[in-house]
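Reading the structure
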Amino acid sequence: LRPIHRLLSCPGTAAADARRERQPSGSTETGSEERTPKKRFSEVQKERREQAQRTILILCPNKTSEKKFLKYLSQHGPINNHFFFESFGLYAVVEFCQKESVASLQNLTRTPSMGTEAAIPFRSRFFNLKLKNSSDQTSEQPYMPRCNQSPPSSKKLFELLCDAESIDDQLNTLLKEFQLTEENTKLRYLTCSLIEDIAAAYFPGCAVRPFGSSVNSFGKLGCDLDMFLALDEIGNFNAHKTSGNFLMEFQVKNVPSERIATQKILSVIGECLDNFGPGCVGVQKILNARCPLVRFSHQASGFQCDLTTNNRIALKSSELLYIYGTLDSRVRAMVFSIRCWARAHSLTSSIPGAWITNFSLTMMVIFFLQRRSPPILPTLDYLKTLADAEDKCIIEGHNCTFISDLNRIEPSKNTEPLELLLKEFFEFFGNFAFNKNSINIRQGREQNKPESSPLHIQNPFETSLNISKNVSQSQLQKFVDLARESAWILHQEEKDHPSPSSNQPWGLAALLLPSIAKSTSHGKKKRKKPASERIKNLLESIKSPENSTNTNGKRT
Ligand code: CTP
Ligand code: MG
């Protein structure tokens with residue numbers, strides 16, 4: 001677990017009201033989800049993007065009076081909502097009702113004179129607010145609520161988990177504490193929108209869209225911000241049919257391949273961010289990767305950003321995960337807890353390497369939920385059969401078609417509680433035949449492994465790719481060992497019924513303790529395997545036949 005700050009609530013702002021109204025409620029309801037209409041992924045993206053375009057970011061003096069600040073900005077038009085947060089300084093995010101207000105403010109804003117240094121004039125939506133007369137503001141400042149953008153500390157999380165009423169309650173509590181807040185989501189879309197302004201200096205009409213965990217419903221406070229530069233939208237202007245004998249084409253510069261085009265585009269955008277992008281620091285161009293990218297820090301928002309280009313398949317995979325995460329409230333609770341468990345035992349890492357990634361873990365949870373009886377999640381092939389004509393989508397020859405309207409997908413009849421699912425998850429993967437089988441969410445069934453990587457999880461759209469190709473045998477073994485031990489701990493607890501008042505970490509809290517990893521990851525190497533095998537056998541021996549799983553993970 002990462003040492004991080006406490007989550008503060010942000011009372012009194014419209015944003016806080018919006019957050020309270022927002023799902024997920026942390027309800028322990030299972031199976032019978034509320035049938036309130038759920039928004040399509042494209043609708044959410046469109047609304048958020050439009051909202052971000054009328055939003056600005058301001059570095060404020062610490063002594064800013066909220067009232068005077070709002071009054072001053074309101075000269076440019078009505079404000080929809082705002083919030084403050086602390087990063088390297090006090091920042092405000094202000095959303096105007098109309099886009100014109102931003103232009104009006106920009107017209108009254110000056111480029112600072114820098115003394116001996118020189119400023120590169122760039123009219124961004126990221127401003128500095130200066131006080132003309134500081135004494136005027138200081139006297140009657142009440143404390144201004146600030147929205148925290150970080151997840152709770154491990155100490156706080158343990159307290160919350162130990163105070164919970166049940167394991168179900170623990171999983172829902174963890175989700176509530178770690179999920180992206182309304183404000184953090186706004187800040188993510190705003191950051192993309194600010195980067196888009198910079199990229200538009202080269203490519204007018206381009207779009208910078210977030211993808212990955214920022215938008216797929218599995219984002220946790222503090223996760224990176226994946227974004228891609230969409231240039232194909234520029235081409236859309238050509239879509240209008242022209243009449244007559246002529247056809248107009250733009251003069252373009254040609255390069256030998258799509259990959260080289262991507263590298264060249266990212267190279268200039270990287271330069272542009274480095275030279276002209278306010279708050280963009282540590283720009284690295286990683287152009288020789290399979291998927292070339294520019295990595296940088298957006299200092300004000302505190303986001304680590306990965307910018308790629310024309311990554312439409314990844315956006316489709318974000319949409320698919322959004323559908324899975326929104327269909328049933330148990331999905332996100334499971335994914336967040338499993339990710340947190342994996343992080344606590346160093347199964348995942350922020351450094352690239354032979355570790356399992358959060359994306360792979362999400363796929364494993366989805367697959368497990370597809371394998372329940374009755375299934376909690378439908379297969380991707382089933383979602384494809386529900387698609388209508390407008391959902392049809394082929395990208396670079398890959399069929400990425402699936403239904404976009406969540407409301408047309410029947411809710412699951414499965415009512416299993418999270419406590420059971422958590423235990424079964426560990427047993428399922430503690431016994432999974434990773435040596436033979438591949439995890440396949442398209443078919444919702446394990447398949448024979450097409451190649452020899454230790455862990456094989458088929459990319460749902462680029463089906464010849466393995467999303468966990470990087471995972472080593474030893475990392476996979478560590479995952480299996482920890483899964484078995486966690487299943488064992490939950491079984492023991494069920495038997496012993498520890499009292500929540502005993503002050504001992506229990507349930508999910510006990511699974512997050514590093515001590516259980518010690519016997520496997522730091523213990524004597526020779527004993528590692530027998531211990532894990534022993535636990536597996538013990539587990540099998542205490543289970544009744546109707547609950548048992550065979551080595552293929554299939555329920556018998
Ligand atoms: N992706 C992929 N294949 C991979 C890795 C990533 O298709 N082998 C796509 C997925 O759509 C993923 C996105 O790229 O969601 C972003 O990757 P990454 O940042 O690694 O994962 P996230 O889902 O964003 O999770 P995290 O919170 O760890 O950033
Ligand atoms: Mg990410």
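Up top you'll find the structure we're talking about.
Being a predicted model, the structure only gives us computed values, none of them experimental. (Residues numbered from 1 in each chain as written. Chains lettered and ligands numbered in written order. Predicted model: local features only at pLDDT ≥ 70, side-chain atom pairs only at ≥ 80, totals over all residues. Heavy atoms only, no water.)

A cis geometry characterises the amide bond from Ser 373 onward to Pro 374, with omega recorded as -5 degrees. Mapped onto the elements, Pro 374 comes out in the loop between helix 13 (358–370) and helix 14 (380–385). One non-glycine residue, Ser 346, lies in positive phi territory at about 55 degrees. With respect to the helices and strands, Ser 346 occurs in the loop between helix 12 (329–344) and helix 13. For Ser 346, a relative accessible area of 40% translates into the label partly exposed. The phi dihedral of Glu 396 is positive, around 50 degrees, even though this residue is not glycine. Note that Glu 396 resides in the loop between strand 10 (394–395) and strand 11 (398–399). Relative accessible area serves as the criterion here: at 61%, Glu 396 is assigned to the exposed category. (Helix = DSSP H or I, 4+ residues; strand = E, 2+ residues; numbered from the N terminus. Buried < 20%, exposed > 50% of the residue type's maximum accessible area, 1.4 Å probe, protein only.)

Remark on secondary structure: sheet strands pair via backbone hydrogen bonds, oriented parallel or antiparallel. Pairing in this open sheet of four strands is mixed, and the strands run 2-3-1-4 from one edge to the other. Two strands bound the open sheet, and with one partner strand each, they are strand 2 (79–87) and strand 4 (126–128). Averaged over neighbouring strand pairs, the angle between their axes works out to 25 degrees when direction is ignored. Where strand 1 (residues 55–60) and strand 4 come together, three bridges link them in parallel fashion. By the bridge assignment, Leu 57 is partnered in strand 4 with Phe 126. (Pairing = 2+ DSSP bridges. Axes fitted to C-alpha atoms, helices over the stretch in contact; angles between N-to-C directions.)

Asp 224 (OD) and Asp 226 (OD) make up the full set of protein donors to the magnesium ion (ligand 2), lying at 2.1 to 2.2 Å. Take Asp 224: its relative accessible area is 28%, and that puts it in the partly exposed class. (Donors = N, O, S within 2.8 Å, 3.2 Å for Na, K, Ca; no water.)

It is worth spelling out the site of ligand 1 at this point. In the neighbourhood of ligand 1, 13 residues make up the surrounding shell, with Ser 213, Asp 224, Asp 226, Ser 317 and Asn 358 lying closest. In this structure, Ser 213 approaches ligand 1 through a side-chain N or O atom, which is 2.8 Å from an oxygen atom. At 3.0 Å, a side-chain N or O of Asp 226 approaches an oxygen atom of ligand 1. Against a free-state accessible area of 560 Å², the protein chains account for coverage of 74% of ligand 1. Breaking the shell around ligand 1 down by element, the ones donating at least two residues are helix 11 (312–327) and helix 13. The residue inventory of the shell around ligand 1, partitioned by class, reads five nonpolar, five polar and three charged. (Near = heavy atom within 4 Å. Polar contact = N/O pair within 3.5 Å; in protein donor to acceptor, adjacent residues only side chain to side chain. Areas by Shrake-Rupley, 256 points an atom, 1.4 Å probe, with all protein chains shown as cover. Nonpolar A, V, L, I, M, F, W, Y, C, P; charged D, E, K, R; others polar.)

In this section: the nonpolar core. Membership of the largest hydrophobic core comes to 88 residues, with the highest contact counts inside it found for Trp 341, Phe 426, Phe 429, Phe 434 and Phe 479. Here the element with the most residues in this core is helix 12; it accounts for ten residues. When sequence neighbours within four positions are dropped, the list of residues in contact with Phe 479 reads Trp 341, Leu 347, Ile 356, Leu 361, Met 364, Phe 429 and Phe 434. Judged by nonpolar contacts, the second largest core, of 34 residues, contains Phe 83, Leu 187, Leu 266 and Cys 280. (Core = buried A, V, L, I, M, F, W, Y, C linked by side-chain atoms within 4.5 Å. Contact = heavy atoms within 4.5 Å.)

Under the counting rule described, the total for this entry stands at 23 aromatic pairs. Relative to Phe 426, the ring of Phe 425 lies with its centre 5.7 Å away and its plane at 80 degrees, an arrangement referred to as edge-to-face. Phe 426 shares its class with Phe 425; the two are buried. The interplanar angle of 80 degrees and the centroid separation of 6.4 Å between the aromatic rings of Phe 434 and Phe 479 together place this pair among those described as edge-to-face. On the criterion of sequence distance, the pair formed by Phe 434 in the loop between helix 15 (418–430) and strand 12 (437–438) and Phe 479 in helix 16 (residues 473–496) is long-range, its members being 45 residues apart. When sorted by exposure, Phe 434 lands in the same class as Phe 479, which is buried. (Phe/Tyr/Trp six-rings, centres within 6.5 Å; stacked < 30°, edge-to-face > 60°.)

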